[in-house]
Amino acid sequence: METKQHNVYNLIILDESGSIEDIKKPTIRGFNEIVQTIKDVETKFPEQKHYISFVTFNGVGIKEMLWNEEVSKLNLINEELYQPSQSTPLYDALGKSISRLKEDLPKNITYNVLVTVLTDGEENASQIYSGEDVKKLIEE
């Protein structure tokens with residue numbers, strides 16, 4: 001009997017603002033652990049197909065590093081690749097990423113969505129989304 005594939009959409013949002021500098025090393029370790037866990041789960045459960053959307057943000061902008069790509073395209077980061085700076089538009093990064101994923105998800109198909117946010121929680125630069133806006137998106 002053929003096993004039906006189950007899709008899992010992983011959205012990883014990584015704070016790359018200056019306030020992260022004090023916790024840069026633990027943030028890199030945490031991100032890399034998430035990457036390895038997702039890759040291990042997909043290997044252990046071949047009936048699951050994982051897709052990765054990976055977004056970084058700081059005052060310069062919100063960057064989509066990957067969007068609904070295969071897990072194999074997600075790489076580990078290190079201190080050379082991860083360079084926190086600028087201000088923190090946390091709500092804008094969350095709102096934009098969650099809204100886009102919501103629009104891009106297939107309709108009438110069962111799937112799971114996992115959202116991981118690596119941040120120190122500071123917010124000082126959002127111009128589009130408020131904390132309440134993000135809360136409503138998550139509740140939906």
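Residues numbered from 1 in each chain as written. Predicted model: local features only at pLDDT ≥ 70, side-chain atom pairs only at ≥ 80, totals over all residues. Heavy atoms only, no water.

Caption draft 1: Examining the environment of Leu 76 more closely. Tracing the backbone shows Leu 76 in the loop between strand S3 (61–70) and helix H2 (90–104). In sequence terms Leu 76 and Arg 29 are 47 residues apart; their C-alpha atoms lie 9.2 Å from each other. Beyond its immediate chain neighbours, meaning those up to four positions away, Leu 76 contacts Asn 32, Val 35 and Leu 81. (Helix = DSSP H or I, 4+ residues; strand = E, 2+ residues; numbered from the N terminus. Contact = heavy atoms within 4.5 Å.)

Caption draft 2: Molecular detail of the packing of H2 against helix H3 (residues 131–139). Orientation of H2 relative to H3, taken along the N-to-C sense of each, is 30°, at an axis distance of 9 Å. Relative to H3, the element H2 lies roughly parallel. Considering only the axes of H2 and H3, their crossing is left-handed. Contact residues: Tyr 91, Leu 94, Gly 95, Ile 98 and Ser 99 in H2; Gly 131, Val 134, Leu 137 and Ile 138 in H3. In terms of residue class, the contact of H2 with H3 is made up of six nonpolar, three polar and no charged. (Axes fitted to C-alpha atoms, helices over the stretch in contact; angles between N-to-C directions. Parallel < 35°, antiparallel > 145°, perpendicular 65-115°, else oblique. Left-handed = near helix turned anticlockwise from the far one by under 90°. Nonpolar A, V, L, I, M, F, W, Y, C, P; charged D, E, K, R; others polar.)

Caption draft 3: Spatial organisation of a nonpolar patch on the surface. The grouping of Val 113, Val 115 and Val 117 at the surface amounts to a nonpolar patch, some 190 Å² of accessible area in total. Turning to its location among the elements, Val 115 is positioned in strand S4 (residues 111–118). (Patch = residues over 30% accessible without salt bridge, like charges linked within 9 Å, V, L, I, M, F, W, Y side chains within 5 Å. Areas by Shrake-Rupley, 256 points an atom, 1.4 Å probe, with all protein chains shown as cover. Salt bridge = Lys/Arg side-chain N within 4 Å of Asp/Glu carboxyl O.)

Caption draft 4: Inspection of the packing of aromatic side chains at higher detail. Here the structure, examined in full by the defined rule, presents three aromatic pairs. Geometrically, the ring pair formed by Tyr 9 and Tyr 51 is stacked, given 5.2 Å between the ring centres and 15° between the ring planes. Of this pair, Tyr 9 sits in strand S1 (residues 6–15) while Tyr 51 sits in strand S2 (residues 48–58), and the two are 42 residues apart along the sequence. Centre to centre, the rings of Phe 31 and Phe 54 are 4.9 Å apart; their planes meet at 35°, and the pair counts as tilted. In this pair, Phe 31 sits in helix H1 (residues 24–44) while Phe 54 sits in strand S2, placing the two residues 23 residues apart along the sequence. One exposure class covers both Phe 31 and Phe 54, and it is buried. Aromatic ring contacts, followed pair by pair, group Tyr 9, Tyr 51 and Tyr 111 into a single cluster. Cation over ring: Lys 49 sits above Tyr 51, and NZ or CZ is 5.8 Å from the ring centre. (Phe/Tyr/Trp six-rings, centres within 6.5 Å; stacked < 30°, edge-to-face > 60°. Buried < 20%, exposed > 50% of the residue type's maximum accessible area, 1.4 Å probe, protein only. Lys NZ or Arg CZ within 6 Å of the ring centre and 35° of its normal.)

Caption draft 5: Here's a closer look at the layout of surface pockets. Taken as a whole, the largest pocket encloses approximately 290 Å³ of empty space. Taken together, Leu 11, Ile 98, Leu 101, Lys 102, Leu 105, Lys 107, Tyr 111, Val 113, Val 115, Leu 137, Ile 138 and Glu 140 make up the full set of residues lining the largest pocket. Of all the elements in the fold, those that place two or more residues in the lining of the largest pocket are H2, S4 and H3. The class makeup of the residues in the lining of the largest pocket is nine nonpolar, no polar and three charged. A volume near 220 Å³ is recorded for the second largest pocket. In terms of lining residues, the second largest pocket is bounded by 14 residues, among which Phe 54, Thr 56, Met 65, Ile 77 and Leu 81 are the most central. Those elements that place two or more of their residues in the lining of the second largest pocket are S2 and S3. Here the lining of the second largest pocket gets three residues from one element, more than from any other, and that element is S3. Class assignment of the residues belonging to the lining of the second largest pocket gives a composition of nine nonpolar, two polar and three charged. (1 Å grid on protein atoms, 1.4 Å probe; cavity = no way out; pocket = protein on both sides within 12 Å on 5 of 7 lines; lining within 4 Å. Points joined across faces, edges and corners; volume = space filled by probe spheres on them.)

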